[in-house]
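The residues making up each chain are set out below.
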Amino acid sequence: MARIAIVGPGAVGGVMAAWLEKTGRHQVTLCARRPLGELHVETPQGPLVARPVVLTAPEQAKPVDWVLVATKAYDAAGAATWLKGLAAQGAPVAILQNGIEHRERFAPYLPAAQIVPVMVDAPAERTDPTHIRQRGTAKMVVQDDARGREFVALFAGTPIEVVTTPDLKSAMWRKLCLNSSGVINALILQPTAAMHDEQLGELLKAMVRECMAVGRAEGAVFEDGLPEKILASQRAAPPDSVNSIQADRAAGRPMELDARNGVIVRLGRQHGIPTPYNEMAVALLAAMARK
Ligand SMILES: NC(=O)c1ccc[n+]([C@@H]2O[C@H](COP(=O)([O-])OP(=O)(O)OC[C@H]3O[C@@H](n4cnc5c(N)ncnc54)[C@H](OP(=O)(O)O)[C@@H]3O)[C@@H](O)[C@H]2O)c1
């Protein structure tokens, strides 16, 4: 029986909480900003109802065996307030967030050995604070090391696909290539069907190439034809699919703009690699958000 605390009971946190509780092998605690009742999760395998312990103040947190952080990247500082209690005895802290800076984000709060970056691909959204819809298979990738293998074991017996890789960096940069191009949808406020447009398709590929250039300078390895594959995947997706940065902009919520595009601009500058498409997207979207 592992004691697992999940910080951030949103779409990803809720899906993980429900499946981990369903194993019957773990004691799951949710760390939330407000009280929650039962959590209802619609999954591809049917409905789940989770009844985890819910904490609403970091002072209530006691040491656990594993912590999963599933807040948005921009909420890292708030998430970290829980870690003093939860990770006091050295528990590993898995960071289930988009982007590539999982370690950098939590380095001010935790020793490096406790940080377990996770590449998460879990299509899900909250319809209200206690209802979550998991739209497809959740997949996660972690580094192939002792902590990574322990993390995989937590999910044994669930339909969540968790695998290790010897090259997590490349896996994360590949995901960033896809995510960074999602800013186009956020700018035009149109779902994936928009990518059938030839000019937008060319723009998507150019943005992916920028991300790949910076990723390569950082040591990531990419397969041939990645920009074309990403464009093809967008054109094959349900035409009304809305990515999270578009959904956040449309709802007037904060956006993970820095984690998904700002990082490409910042690291590009460090390596002397121009990233004009990302730079323009960041400037425009930031200006629109301020307005
Ligand atoms: N959803 C997806 O399909 C998906 C897929 C792949 C990757 N991701 C990534 O996974 C991460 C989580 O995304 P998400 O979609 O699950 O976000 P989300 O639905 O917005 O959930 C984030 C949760 O974090 C909570 N939170 C924020 N600050 C907190 C704090 N100080 N203490 C406790 N809880 C706090 C929020 O609380 P409130 O309820 O109070 O707002 C919310 O419940 C992001 O990096 C995202 O890009 C998401």
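For every chain, the first residue of its written sequence is number 1, and the numbers climb from 1 along that sequence. pLDDT decides what is reported in this predicted model: residues at 70 or higher carry local features, side-chain atom pairs at 80 or more are listed and counted, and totals for whole chains, interfaces and linings draw on all residues regardless. With hydrogens and water excluded, all non-hydrogen atoms of the structure serve as input to the side-chain values.

Re the overall build of the chain
Right, on to step 1. The helix and strand inventory of the chain stands at 12 helices and 12 strands.
Right, on to step 2. With the radius of gyration taken over C-alpha atoms, the globule rule is written as 2.2 Å times the number of residues to the power 0.38. The C-alpha radius of gyration of the chain comes to 19 Å, within 12% of the 19 Å expected for a compact globule of 291 residues.
Right, on to step 3. With respect to the principal axes defined by its C-alpha atoms, the chain has extents near 50 × 40 × 35 Å.
Right, on to step 4. Burial classification: accessible surface area is computed with a 1.4 Å probe over protein chains only, and a residue below 20% of its type maximum counts as buried, one above 50% as exposed, and the rest as partly exposed. Within the chain, the proportion of its 291 residues that are buried is 51%. Each helix is a run of H or I in the DSSP string that is no shorter than four residues. Each strand is a run of E no shorter than two, and both are numbered from the N terminus.

Points about helix 5 (residues 146-154)
Right, on to step 1. Those residues of helix 5 lying buried are Gly-148, Phe-151 and Leu-154. The arc enclosing the buried residues of helix 5, seen along the axis, measures out at 110°, which places them on a common side. The arc refers to the directions leading from the helix axis to the C-beta atoms.

Considerations on the nonpolar core
Right, on to step 1. Each nonpolar core is a collection of buried residues, namely Ala, Val, Leu, Ile, Met, Phe, Trp, Tyr and Cys, held together in the definition by side-chain atoms within 4.5 Å. Of all hydrophobic cores here, the largest spans 36 residues; its most connected members are Met-16, Leu-68, Met-140, Phe-151 and Phe-155.
Right, on to step 2. Residue contributions to this core peak at 7 residues, all from helix 1 (residues 11-22).
Right, on to step 3. Should any heavy atoms of two residues lie within 4.5 Å, those residues are considered in contact. Ignoring any residue separated from it by four or fewer positions in sequence, one finds Phe-155 in contact with Met-16, Leu-20, Arg-25, Leu-68, Met-140, Ile-160 and Val-162.
Right, on to step 4. In terms of nonpolar packing, the next biggest core, distinct from the first, is built from 34 residues, Ile-100, Met-207, Phe-222 and Ile-264 among them.

Points about the site of the ligand
Right, on to step 1. For this purpose, a residue is taken to be near a molecule or strand whenever a single non-hydrogen atom of the residue falls within 4 Å of it. Surrounding the ligand, one finds 27 residues, the nearest of these being Val-12, Arg-34, Asn-98, Arg-126 and Glu-256.
Right, on to step 2. For the purposes of these results, a polar contact is taken to be a pair of N or O atoms within 3.5 Å, where, inside protein, one atom must be able to donate a hydrogen and its partner to accept one; residues adjacent in sequence count only when each atom of the pair is a side-chain atom. Between the ligand and the protein, one listed contact pairs an oxygen atom with a side-chain N or O atom of Arg-33 at 3.0 Å.
Right, on to step 3. Here the Shrake-Rupley method, with its probe set to 1.4 Å, supplies the accessible areas, and only the displayed protein chains count as covering residues. For the ligand, the accessible surface in isolation is 910 Å², of which the surrounding protein chains cover 88%.
Right, on to step 4. Elements that contribute at least two residues to the shell around the ligand include exactly helix 1, helix 2 (76-80) and strand 9 (124-128).
Right, on to step 5. Of the residues contributing to the shell around the ligand, the split by class is 14 nonpolar, 6 polar and 7 charged. We call Asp, Glu, Lys and Arg charged. Ala, Val, Leu, Ile, Met, Phe, Trp, Tyr, Cys and Pro are nonpolar, and the rest, Gly among them, are polar.

With respect to the environment of Ser-233
Right, on to step 1. On the secondary structure map, Ser-233 appears in helix 9 (residues 226-236).
Right, on to step 2. A relative accessible area of 35% places Ser-233 in the partly exposed class.
Right, on to step 3. As a C-alpha pair, Ser-233 and Val-163 span 70 residues in sequence and 22 Å in three-dimensional space.

What to know about the sheet that holds strand 3 (residues 39-43)
Right, on to step 1. Strand order in this open sheet of 4 strands is 4-3-10-9, and the pairing throughout is mixed. Two strands lie at the open edges of the sheet, namely strand 4 (46-50) and strand 9, each paired on one side alone. On average, adjacent strands in this sheet sit at an angle of 20° to one another, irrespective of strand direction. DSSP-based pairing: two strands are paired if at least 2 bridges between them are found. Convention adopted: a line fitted to C-alpha atoms gives each axis, helices being fitted over their contacting stretch, and angles between N-to-C directions are expressed from 0 to 180 degrees.

Focus: the sheet that holds strand 8 (residues 115-121)
Right, on to step 1. Taken together, 8 strands build an open sheet; the order of strands is 5-2-1-6-7-8-11-12 and the sheet is mixed. If you trace the sheet from one side to the other, it starts and ends with strand 5 (53-55) and strand 12 (161-165), each paired once. Neighbour-to-neighbour, the strand axes of this sheet turn through a mean angle of 25°, independent of strand direction.
Right, on to step 2. Across 4 bridges, the pairing between strand 7 (residues 93-96) and strand 8 is parallel. Each bridged residue has a counterpart across the sheet, and for Val-93 the counterpart in strand 8 is Ile-115.
Right, on to step 3. With respect to the sheet, helix 6 (residues 168-181) is in contact with strand 8, strand 11 (139-143) and strand 12, its orientation differing from that of strand 8 by roughly 40°.

Re the domain arrangement of the chain
Right, on to step 1. In terms of domains, the chain is made up of domain 1 (2-166) and domain 2 (169-290).
Right, on to step 2. With centres defined by C-alpha atoms, the gap from domain 1 to domain 2 works out at 25 Å.
Right, on to step 3. Each side of the interface is counted separately: domain 1 has 15 residues, and domain 2 has 15 residues.
Right, on to step 4. Summed over the three residues of domain 1 that lose the most area to domain 2, namely Tyr-74, Asn-98 and Ile-100, the buried surface amounts to 45% of that side.
Right, on to step 5. Any Lys or Arg side-chain nitrogen found within 4 Å of a carboxyl oxygen on Asp or Glu counts as a salt bridge. For the pair domain 1 and domain 2, the number of links is 2 salt bridges.
Right, on to step 6. In this structure, Lys-72 and Asp-248 form a salt bridge, with 3.2 Å as the shortest nitrogen-oxygen distance.
Right, on to step 7. Looking at the side of domain 1 that touches domain 2, the elements that each hand over two or more residues are helix 4 (102-106) and strand 8. Domain start and stop positions are those given by an automatic or database domain assignment. Put simply, buried area is how much 1.4 Å-probe accessible surface two parts lose in total, over both of them, once they are put together.

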